[in-house]
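Commentary on secondary and tertiary structure
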Amino acid sequence: MNGVFPFRFVLSIFIGFLFLSGTTAAQDKITGHLIVEDILARPGTDVTLKAVLFEQGLLGNKGLGGETITFTVQGQHAGTALTGGDGRAFLEFKTHMRGNHKVVATVESSPRVESVEGNGNLASWERRRPILLVDFAVLLQKDSSISLPGLPGVGSLGALGKPQENAAHALTKLTEFYYNVIYLHEHQGTALHETRAWLRQHEFPVGITRMVPQDAKALLAFMEKLKEGGWDNLEAAIGRTWAFAQTLVKNRVKTVIFPDPREKKKYPRRAKIVSSWKEVRKQL
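**Comments concerning the packing of helix α5 (residues 216-228) against helix α6 (residues 242-250)**
Running from N to C, α5 and α6 point in directions that differ by 40°, and their axes come no closer than 9 Å. The pairing of α5 with α6 is recorded here as oblique in orientation. Our pair here, α5 against α6, has a crossing hand that is right-handed. Across from Ala216, Leu219, Leu220 and Met223 in α5, the residues of α6 making contact are Ala243, Phe244, Thr247 and Leu248.

Take a look at the structure:
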């Protein structure tokens, strides 16, 4: 009996240690964030689906390598890819039908990272349908156009506030049968994926979102990049700054402006000045 008792005692301690180790391991899983890039392409062309998996920290974001990312497009399995050391994963894919196709990337059953999902848009657009540029700032109510400071990449949807009255409805009507929309984002303190989440939350029409500063040089560079990709069908734009108006008008793009009260410059004559979203459709 004296020999049995120590054995049982040691065995119970060992089992308890394994249980605690397993619990600690589960608790120590990393909370990852998964961002999917919006892709612009033509139907029937090859594209690269892109996602980045990272961990947020006080000193910045850290890529999580060696994790399997599963991609689906419009609910159909597209394939899997492994993240590199920078947390990025790439998957070759061929577009089929025209339209906006939801891309979902997921990490599941990882021993190191908690399950996580990210969403993006594969914009499979035809050139015959014109493009509409929209400065994200004109979608926000004026009293909520300044976001609160936060950690890099940390969600700040609450800081963005509410959308302008009738903005979602007007854009939905414009894109329903005619335009494809590209949202231009430069909102300080808010990451690009948070802007896209805000657009989905407030039911704005699906498009693609790009980070483009609202100065003439950056806007011109973005427009040239579109043309180089074969997208010479930019027809209209909605913005707020003098630089935006000047740049788009010079390039013969229909331009609607919600004037920025801080600017004292006179807007170009061909820019259509409006004060509400109800007026926008009449100008386009």
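**Considerations on the sheet that holds strand β12 (residues 208-211)**
On the basis of which strands lie adjacent, the open sheet formed by six strands has the order β12-β11-β10-β13-β14-β15 and parallel pairing. Both edges of this open sheet fall to β12 and β15 (272-273), since each of them pairs with a single strand only. Two strands pair when backbone bridges link them, and strand β13 (residues 234-239) and strand β14 (residues 254-257) are joined in this way by four bridges, in the parallel orientation. Bridging from a neighbouring strand, Gly239 pairs with Ile257 of β14. Against the sheet, α5 touches β10 (131-135), β11 (180-185), β12 and β13, its axis set at about 145° to β11. Along the sheet face, α6 touches β10, β11, β13 and β14 and points at about 165° away from the line of β14.

About the thresholds
Residues numbered from 1 in each chain as written. Predicted model: local features only at pLDDT ≥ 70, side-chain atom pairs only at ≥ 80, totals over all residues. Heavy atoms only, no water. Axes fitted to C-alpha atoms, helices over the stretch in contact; angles between N-to-C directions. Helix = DSSP H or I, 4+ residues; strand = E, 2+ residues; numbered from the N terminus. Parallel < 35°, antiparallel > 145°, perpendicular 65-115°, else oblique. Left-handed = near helix turned anticlockwise from the far one by under 90°. Contact = heavy atoms within 4.5 Å. Pairing = 2+ DSSP bridges.

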